[in-house]
Amino acid sequence: MSALFEPFTLRSLTVPNRIWMAPMCQYSAVAEGPDEGAPTDWHFQHLAARAVGGTGLILTEATAISPEGRISPHDLGLWNDTQTEAFRRITAFLKSQGSVPGIQLAHAGRKASTDAPWRGGTPLGTDEGGWRPAGPSPLPFDDRHQVPAELTADGIRRVTAEFARAAERALAAGFEVAEVHGAHGYLIGEFLSPHSNHRTDGYGGTFENRTRFALEVVDAIRAVWPDDRPLFFRISATDWLETNGWTPDDTVRLAALLREHGVDLLDVSSGGNASGVRIPLGPGYQVPFAARVRRETGLPVGAVGLITEPDQAEKIVANGEADAVLLGRELLRDPTWAQRAARALGGDVHVPDQYLRAI
Ligand SMILES: Cc1cc2nc3c(=O)[nH]c(=O)nc-3n(C[C@H](O)[C@H](O)[C@H](O)COP(=O)(O)O)c2cc1C
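Thresholds, definitions, all that
Residues numbered from 1 in each chain as written. Predicted model: local features only at pLDDT ≥ 70, side-chain atom pairs only at ≥ 80, totals over all residues. Heavy atoms only, no water. Near = heavy atom within 4 Å. Polar contact = N/O pair within 3.5 Å; in protein donor to acceptor, adjacent residues only side chain to side chain. 1 Å grid on protein atoms, 1.4 Å probe; cavity = no way out; pocket = protein on both sides within 12 Å on 5 of 7 lines; lining within 4 Å. Sits in = over half its atoms within 2 Å of the grid points. Core = buried A, V, L, I, M, F, W, Y, C linked by side-chain atoms within 4.5 Å. Buried < 20%, exposed > 50% of the residue type's maximum accessible area, 1.4 Å probe, protein only. Contact = heavy atoms within 4.5 Å. Patch = residues over 30% accessible without salt bridge, like charges linked within 9 Å, V, L, I, M, F, W, Y side chains within 5 Å. Areas by Shrake-Rupley, 256 points an atom, 1.4 Å probe, with all protein chains shown as cover. Salt bridge = Lys/Arg side-chain N within 4 Å of Asp/Glu carboxyl O. Helix = DSSP H or I, 4+ residues; strand = E, 2+ residues; numbered from the N terminus. Pairing = 2+ DSSP bridges. Axes fitted to C-alpha atoms, helices over the stretch in contact; angles between N-to-C directions.

Trainee: I keep staring at the site of the ligand and nothing clicks. Help me out?
Mentor: Around the ligand sit 16 residues in total, of which Pro23, Gln104, Leu306, Gly328 and Arg329 are the nearest. The contact in question runs from an oxygen atom of the ligand to an N or O atom on the backbone of Pro23, over 2.8 Å. Contacts to the ligand include Arg234, whose side-chain N or O atom sits 2.9 Å from an oxygen atom. With respect to the detected pockets, the ligand is housed in the largest pocket.

Trainee: Would you take a moment to explain the nonpolar core for this structure?
Mentor: In summary, soluble globular proteins display a tendency toward joint burial of nonpolar side chains. With 76 residues, the main nonpolar core has Leu105, Phe213, Ile221, Phe233 and Leu266 as its most contacted residues. Residues in contact with Phe213, not counting those within four places in the same chain, are Ile156, Val159, Thr160, Leu187, Ile188, Phe191 and Tyr203. Leu10, Ala22, Val100 and Leu326 belong to the second-largest nonpolar core, a separate cluster that totals 15 residues.

Trainee: What is the right way to look at a nonpolar patch on the surface in this model?
Mentor: There is a patch of nonpolar side chains on the surface, built from Ile279, Leu281 and Leu306 and spanning about 250 Å² of accessible area. Mapped onto the fold, Ile279 is located in the loop between strand E10 (265-269) and helix H8 (287-297). For Ile279, a relative accessible area of 32% gives the class partly exposed.

Trainee: Please explain the sheet that holds strand E8 (residues 177-182) as it appears in this structure.
Mentor: Remark on secondary structure: sheet strands pair via backbone hydrogen bonds, oriented parallel or antiparallel. Within the closed barrel, the eight strands sit side by side as E3-E4-E5-E8-E9-E10-E11-E12. Their pairing is parallel. Averaged over all pairs of adjacent strands, the angle between strand axes in this sheet comes to 25°, irrespective of strand direction. Note that strand E5 (residues 100-106) and E8 share four bridges and pair parallel. Each bridged residue has a counterpart across the sheet, and for Ile103 the counterpart in E8 is Ala178. This element, helix H6 (residues 212-224), spans E5, E8 and strand E9 (231-236) of the sheet and lies at about 160° to E9.

Following this line, the structure appears as structure tokens:
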């Protein structure tokens, strides 16, 4: 039996296989009007096609907890009833295919207010349909980005409450997994790293202070997210900086704390918080970070990043380096990757009745 196709149980939820879709921004939500931030037909087909293709768990793109928390004006959001209702159709369809619907809850922090990548991804000023981003410290991501407003203690409390409110809405919308976006240099990741967090209050300085916001967000979500449903946390295991950055050691230390605070799985990515760093890209290049967290803390992990081949994915799970693999771009290329892997490895996978003749 292939390890990739063994079901995986977290709390009361069983995911049918270990092939999961990574969150991927589509910059395709309506940018204004009553449907602002709500999923569109584009999101429906994007998520539905991978469920039809046998993907065990499907995470939405970074979904903003507030308008200011969007990376771009075209991001998904989950701060009102219209958005909540619009997600229901998607979660119901994913479940009808046996896939688990998960949502990545996000605040873009100092990297908010940019245009879609295919329009250059440039930061948008307040006169261009953008807004003033907020961050832990008034430090821009790079020389093109706006200088963020430093969040006050009240602001931190407000954002924490917005994460919890979005989690309540995610539950109402039918999601079975919530993932906190703590990676890629967005707000939570910015607080974690000494590179982007220069605060001198209780949220900056020591490791304990820099991780406080992340743990408060996790606690606030856990208080409203049911005990029988898993909570994930996505982290950048390293800033890839030589000095004064977030490191793999920090990641292991935080993973143990996250586990105590009720996180069920760490989704281990890297980078995104420091501009201009060199990242040694290669097949499975982030897997060792995930494997180390699993080995040293016992917290279940997902591995992501340049995992493209069924044999490669099978080894990662079979060797105990990760409990699941998350695929991004390869699932964009082939929404039926899970079925392809099942044919190659000999695993049981969902195929809809309508498509049985194509097996
Ligand atoms: C189009 C696109 C959008 C992405 N959006 C997000 C996102 O919303 N949240 C996130 O955590 N990562 C995002 N990522 C990163 C992916 O989740 C994934 O970690 C990365 O693409 C590496 O995996 P891959 O080599 O399988 O593509 C995005 C990647 C792509 C290609």
